[in-house]
Amino acid sequence: MADRSPLTRDDVESLPAVGPRSPVERGRLGVYAGLGAAVGTMPLPWVPDSLVRRVRGAVVHDVAVRHGLSLTQEARDVLCEPAGPDGPRGLMAQTVRFFGLRLAARALPRVGPLRMVWPVRNAFQTYVLGHLFDRYLELGRTERAVRIDAGEARRVRQAIDGALARALTVEPPQPEEPTVIDDQRDAMTAFIDGMLGLVAGMPSRLVGRLDAAFDDLLAHGDG
């Protein structure tokens, strides 16, 4: 029997993507989002960014593995950097951003619980990163290599960041609402139910807008 030579790096990069394409459970992404929120409460200037980067890196690795893919270290860095692929990095930039938020919180003490802005922002961005990266791998990826490189990761990250900016301006297809059959409610009850239903549907409508903006940016870029 002939000996098998080990795969080279070029061999690995040219392998077709194989393996189970397991959907990423929303509850799993929710846990990662909660972890992102928790590390955002750390009271030190550089610790939150470092831990957020760890959480986001774990998210993209988890999603990639569930699609039978891998990430280069450069690709992981591009996807998990809190400031974006071209944003300011390093301890100085993180310290300036941290103390800027602290000064804003002290200058505006009457504008509600500003201390929650950073954790909520981290949670939201962590969830969106995992959701849209999963959407890309499930529906939008055309490359056949098993390894995602920095160039591909940068294109995806720019589309994710752009979708966050455009989500409120796009109009996704509206799902057909169910028809009420044999409605026994009075007018006031029906009105209150309708208002509560609108609130309950806000997360899914926001996700629909993010999906539509993301798909458009992947297909057409910033143009």
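Since we're looking at a predicted model, the values are computed, not measured.

What counts and what doesn't
Residues numbered from 1 in each chain as written. Predicted model: local features only at pLDDT ≥ 70, side-chain atom pairs only at ≥ 80, totals over all residues. Heavy atoms only, no water. Helix = DSSP H or I, 4+ residues; strand = E, 2+ residues; numbered from the N terminus. Contact = heavy atoms within 4.5 Å. Areas by Shrake-Rupley, 256 points an atom, 1.4 Å probe, with all protein chains shown as cover. Core = buried A, V, L, I, M, F, W, Y, C linked by side-chain atoms within 4.5 Å. Buried < 20%, exposed > 50% of the residue type's maximum accessible area, 1.4 Å probe, protein only. Axes fitted to C-alpha atoms, helices over the stretch in contact; angles between N-to-C directions. Parallel < 35°, antiparallel > 145°, perpendicular 65-115°, else oblique. Left-handed = near helix turned anticlockwise from the far one by under 90°. Nonpolar A, V, L, I, M, F, W, Y, C, P; charged D, E, K, R; others polar. Salt bridge = Lys/Arg side-chain N within 4 Å of Asp/Glu carboxyl O. Expected span 1.5 Å × (residues − 1). pLDDT = per-residue confidence, 0-100.

1. Concerning the overall build of the protein
Then, number 1: A tally of helices and strands in the protein yields nine helices and two strands.
Then, number 2: Walking the protein from its N terminus toward its C terminus, one meets helices and strands in the order α-α-α-β-α-α-α-β-α-α-α.
Then, number 3: For the protein, the proportion of contacts with a sequence separation of at least 24, taken over those separated by at least 6, is 80%.
Then, number 4: Just so you have it, the protein exposes about 14,000 Å², and 62% of that area is on carbon and sulfur atoms.

2. As for the nonpolar core
Then, number 1: Among the nonpolar cores identified, the biggest contains 33 residues, and Phe133, Leu137, Ile148, Val156, Ile160 and Phe214 are the most heavily contacted of them.
Then, number 2: Of all the secondary structure elements, the ones that give two or more residues to this core are helix H2 (26-39), helix H3 (47-66), helix H4 (73-80), helix H6 (117-140), helix H7 (150-166) and helix H9 (202-220).
Then, number 3: If near-sequence neighbours (up to four positions away) are discounted, Ile148 is found in contact with Leu69, Ser70, Leu71, Thr72, Ala75, Phe133, Leu137, Arg141 and Ala153.

3. Notes on the environment of Leu129
Then, number 1: Structurally, Leu129 is set in helix H6.
Then, number 2: On the basis of relative accessible area, Leu129 is assigned to the buried category, the value being 0%.
Then, number 3: In this structure the C-alpha to C-alpha distance between Leu129 and Leu164, which are 35 residues apart in sequence, comes to 9.9 Å.
Then, number 4: The contact partners of Leu129, leaving out residues within four places of it in the chain, are Arg56, Val60, Leu79 and Ile160.

4. Thoughts on the packing of H4 against H7
A pair of packed helices is characterised by two quantities: the angle between their axes and the separation of those axes.
Then, number 1: Where H4 contacts H7, the two axes come as close as 8 Å, and the packing angle between them is 15°. Judged by the angle between their axes, H4 and H7 are roughly parallel. Judged by the twist between their axes, the crossing of H4 over H7 is right-handed. Contacts from Glu74, Ala75, Val78, Leu79 and Cys80 of H4 reach H7 at Ala150, Ala153, Arg154, Val156 and Arg157.
Then, number 2: For the contact of H4 with H7, a count of residues per class yields seven nonpolar, no polar and three charged.

5. A few points about the pattern of salt bridges
Then, number 1: Under the definition given, this model contains 12 salt bridges.
Then, number 2: The salt bridge involving Glu143 is made with Arg155; its shortest N-O contact spans 3.6 Å. Of the two residues, Glu143 sits in the loop between H6 and strand E2 (147-148) while Arg155 sits in helix H7, which places them 12 residues apart along the sequence.
Then, number 3: Overall, the relative accessible area of 30% leaves Glu143 in the partly exposed class.
Then, number 4: Sharing partners across several salt bridges, the network here consists of Arg28, Asp62 and Arg66.

6. Remarks on H2
Then, number 1: Taking 1.5 Å of rise per residue, 14 residues should cover 20 Å, and H2 covers 20 Å from first to last C-alpha, within 8% of that figure.
Then, number 2: Restricting attention to buried positions, one finds in H2 the residues Leu29, Tyr32, Ala33, Gly36, Ala37 and Val39.

7. Looking at the confidence of the model for the protein
Then, number 1: Averaged over every residue, the pLDDT of the protein is 77; residues scoring 70 or more account for 70%.
Then, number 2: In the predicted structure, residues 1-7 sits below a pLDDT of 50 and forms two contacts with residues beyond four places in sequence or in another chain.
Then, number 3: Counting interchain partners and residues more than four positions distant, the pLDDT-below-50 stretch residues 107-111 has one contact.

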